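Chain residues, written in single-letter form:
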Amino acid sequence: MTARPDGLPLSGITVVSLEQAVAAPFATRQLADLGARVIKVERPGEGDFARRYDTTVHGESSYFVWLNRSKESLTLDLKSEAGREVLERLLEGADVFVQNLAPGAAARMGLGAEALAERFPSLIPCTVSGYGTSGPWADRKAYDLLVQCQTGLVSLTGNEHGAARAGVSVADIAAGMYAYSGILTALFTRATTGVARAVEVSLFEALAEWMGQPAYYTRFGGTQPPRVGTRHATIAPYGAFTAADGKDVLFSVQNEREWAALCERFLGRPGLVDDPRFVTGSDRVAHRDALDALVAARFAELDSVTAGKLLDEAGVANAGVNDIAEFLEHPVLSARDRWREVPIPGGALVPALLPPADLAGVDAHMGAVPAVGEHTARILAELGYAAPDIDRMRADRAI
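Residues numbered from 1 in each chain as written. Predicted model: local features only at pLDDT ≥ 70, side-chain atom pairs only at ≥ 80, totals over all residues. Heavy atoms only, no water.

A.B. asks: So what's going on with the sheet that holds strand 1 (residues 14-18)? Residues and values would help.
C.D. replies: Strand order in the open sheet formed by six strands is 3-2-1-4-5-8, with parallel pairing between adjacent strands. Each edge of the sheet is formed by a strand with only one pairing partner; in this case those strands are strand 3 (71-75) and strand 8 (199-202). Neighbour to neighbour, the strand axes of the sheet diverge by 20 degrees on average, direction disregarded. Across four bridges, the pairing between strand 4 (residues 96-99) and strand 5 (residues 124-129) is parallel. (Pairing = 2+ DSSP bridges. Helix = DSSP H or I, 4+ residues; strand = E, 2+ residues; numbered from the N terminus. Axes fitted to C-alpha atoms, helices over the stretch in contact; angles between N-to-C directions.)

What follows is the structure, encoded as structure tokens:
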């Protein structure tokens, strides 16, 4: 079992999670980062199917390593009587129960929020679903890209040549973040009122929240924002331009002061400020092609380092367009000491980023990534099972 340091904000909180894939594991990993004990219940033998998404991290899945540090793995066959009994014992001492099983599966096992509230009134159940536990799509399976399509996100990404998915699992990540914040709120509510409230988050509604700006723009503007690649649909100039050395630099003008500084300090054409095509932000968007041509011509005269320095002098935010290898070597991450090493199954150490929210005086818990069922025997012993009982359950494949 991973040793858990005392004094972390969630020390003493126990989370039991029937989780798989990305959304629920992301929520519970963040709870583990803050000191909660997270017991991850997995299928005997195979475990969370995210373990097999790829084998790039010393034979382990990049998804699983990212999402499951600092947890304990307990294998249970919940179709067996013995497995269900173990889970009931676990829930008796748990503070939070998280599940993102297939639609209706938790309810069929008596693990729906209402059933749990009757048996465990102090338990906070958290359900992560695709489209909600009620409504016309409650029984539909949902995966990240399906939800990106259903919320219209895919219609905004890409460029004039076609749509594209977001490069990371944004629907899963959004749902995991809202589940995490919902659980924290429920823990606070229970501590202050004594009432344990259930939490429910769907991938669809989580990403729907992120679609607020284009939703308003479309509803009241009559048309949705266009796909514009690395440019911004409603701000100009804003996008990536290729410098004389072939490297791309992205910059953004956010207000009239920055626009005037760009004209004078970077473009060397202060008179453009009063050009009727570019006077306001809306004017610049309406004449984006002409404006981008002027900006591109200036970038073609400068190497990327010089272009960045001139933009800095003008007070205009800018950045090189990094690939992942360049991101991994980013000076901000190294200078701010954001990397830690965590063990993975097999004993290798891999770098992991600290949680982004720093709490003064608190060091996040950065524990090991568990092997399938690594902590089963120890957890069962804690629950009062004797060694012969554990051996019998193993022989019966209940664990």
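A.B. asks: So what's going on with the layout of surface pockets? Which residues, and what values?
C.D. replies: Estimated volume of the largest pocket: approximately 1,100 Å³. Elements that contribute at least two residues to the lining of the largest pocket include exactly helix 1 (23-33), helix 2 (62-67), helix 7 (170-193), helix 14 (324-328), strand 12 (339-343) and strand 13 (349-353). Grouping the constituent residues of the lining of the largest pocket by class yields 25 nonpolar, two polar and nine charged. Space inside the second largest pocket adds up to approximately 800 Å³. Taken together, the elements giving at least two residues each to the lining of the second largest pocket come down to helix 4 (105-108), helix 5 (113-119), strand 5, helix 6 (144-150) and strand 8. Considered class by class, the residues forming the lining of the second largest pocket number 21 nonpolar, eleven polar and eight charged. (1 Å grid on protein atoms, 1.4 Å probe; cavity = no way out; pocket = protein on both sides within 12 Å on 5 of 7 lines; lining within 4 Å. Points joined across faces, edges and corners; volume = space filled by probe spheres on them. Nonpolar A, V, L, I, M, F, W, Y, C, P; charged D, E, K, R; others polar.)

A.B. asks: Explain the nonpolar core to me, and be specific about the residues and the numbers.
C.D. replies: Core analysis: the largest hydrophobic core is formed by 36 residues, its most contacted members being Val-15 and Val-128. At the level of elements, helix 1, strand 4, strand 5, helix 7, strand 8 and helix 8 (203-210) are the ones that each hand at least two residues to this core. Here the element with the most residues in this core is helix 7; it accounts for nine residues. By size, the runner-up hydrophobic cluster in this structure holds 25 residues, among which are Leu-74, Leu-87, Tyr-385 and Met-393. (Core = buried A, V, L, I, M, F, W, Y, C linked by side-chain atoms within 4.5 Å. Buried < 20%, exposed > 50% of the residue type's maximum accessible area, 1.4 Å probe, protein only.)

A.B. asks: Explain the sheet that holds strand 10 (residues 248-252) to me, using residue names and the numbers behind them.
C.D. replies: Reading across from one edge, 9-10-11 is the order of the three strands in this open sheet, with antiparallel pairing throughout. Either end of the sheet is taken by a strand with one partner, and the two such strands are strand 9 (238-242) and strand 11 (317-320). Across the sheet, the mean angle separating the axes of adjacent strands is 20 degrees when strand polarity is ignored. Alignment of strand 9 against strand 10, held across five bridges, turns out to be antiparallel. Pairing of Phe-241 across the sheet is with Val-249, part of strand 10. Here helix 12 (residues 288-299) sits on the sheet in contact with strand 9 and strand 10, set at roughly 40 degrees to strand 9. (Contact = heavy atoms within 4.5 Å.)

A.B. asks: Mind laying out the environment of Asp-337, listing which residues take part and the relevant values?
C.D. replies: Residue placement: Asp-337 occurs in the loop between helix 15 (331-335) and strand 12. On the basis of relative accessible area, Asp-337 is assigned to the partly exposed category, the value being 46%. Considered as a pair, Asp-337 and Leu-380 are 43 residues apart in the sequence and their alpha carbons are 38 Å apart.

A.B. asks: Go over a nonpolar patch on the surface, please, and point to the residues and values.
C.D. replies: Together, Ile-324, Phe-327, Leu-328 and Leu-353 make up an exposed nonpolar region whose accessible area comes to about 350 Å². The dominant element in the nonpolar patch, judged by the number of residues it contributes, is helix 14, at three residues. Of note, Ile-324 is situated in helix 14. Ile-324 sits in the exposed class, given a relative accessible area of 61%. (Patch = residues over 30% accessible without salt bridge, like charges linked within 9 Å, V, L, I, M, F, W, Y side chains within 5 Å. Areas by Shrake-Rupley, 256 points an atom, 1.4 Å probe, with all protein chains shown as cover. Salt bridge = Lys/Arg side-chain N within 4 Å of Asp/Glu carboxyl O.)

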